Amino acid sequence: MIFKHFREKSERERVYLLGEMKFALRTKDLNKFFSTCVAALRQRVLWVDFPRWNFERERHYHEYLEIVIGLLQLEEYELISEEKSGEGRVDIILLPKKDSRVEHANIFELKFTEHQVKIRQMIAQALAQVSNRDYMRRIAEHGHVKEVIIAGVVGTDRRSLHFASMTKANGN
């Protein structure tokens, strides 16, 4: 099996954690979403077991977030990953489906650093990349999306995620 999840927790705890993350995304609470992801990662509640698992690469955090988002079974969102948008490939977009009541999309641009002192710089770089490469173009064509929450997310070698976010009206 490529990944193992929920190793040491009871069914009740697993359902609770997934519910917390799902609610956080729906209510635009990225602080709660990422802090719960990190807690699950550190406690090995949502543990991903890749061959030669190595947290020293951005793609492992990217794959971890994709798996977590997949486990949430977000019926109201379409998960878009590494798709061409604007002048590059956006890491993760959570795009609300037309028939959902959710009116906000999320863009997660991921970076990695081994140096704690570079975390803020890397977050700023990730946020700037979304604007500089026009990643919001993929969302602009969807009139049902009212706003976009952009998060610059930085993983570190200490199994943690740091982020900053900003909200923009769709079309701006």
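It should be noted that the structure appears before, not after, this text.
The structure displayed is predicted, hence computed values, not measured ones.

Asks: Could you clarify how one ought to interpret the pairing of strand β1 (residues 77-85) in this entry?
Replies: Side-chain direction in a regular strand flips from residue to residue, so the side chains alternate between the two faces of the sheet. Of the strand pairs in this sheet, β1 and strand β2 (residues 88-96) are connected by 8 bridges, and their pairing is antiparallel. In the strand pairing of β2, Ser81 is matched with Ile92. Where β1 folds back on β2, the antiparallel hairpin that results is connected by 2 residues, among which Gly86 adopts a positive phi of roughly 65°.

Asks: Mind showing me how you'd approach the pairing of strand β4 (residues 147-156) here?
Replies: Counting buried positions along β4 gives 10 out of 10 residues, so the element sits mostly inside the fold. Burial along β4 is two-sided: the residues Glu147, Ile149, Ala151, Val153 and Gly155 and Val148, Ile150, Gly152, Val154 and Thr156 are all buried. Sheet topology note: the strand β3 (residues 104-113)/β4 ladder contains 10 bridges and is parallel. By the bridge assignment for β4, Phe112 is matched with Gly155. Looking at chain direction, β4 and strand β5 (residues 160-169) are connected through 10 bridges and run antiparallel. Of the residues in β5, the one forming a bridge with Gly152 is Ala164.

Parameters and conventions
- Residues numbered from 1 in each chain as written.
- Predicted model: local features only at pLDDT ≥ 70, side-chain atom pairs only at ≥ 80, totals over all residues.
- Heavy atoms only, no water.
- Pairing = 2+ DSSP bridges.
- Helix = DSSP H or I, 4+ residues; strand = E, 2+ residues; numbered from the N terminus.
- Buried < 20%, exposed > 50% of the residue type's maximum accessible area, 1.4 Å probe, protein only.

Everything listed here is a matter of geometry and, on its own, says nothing about what the molecule does.
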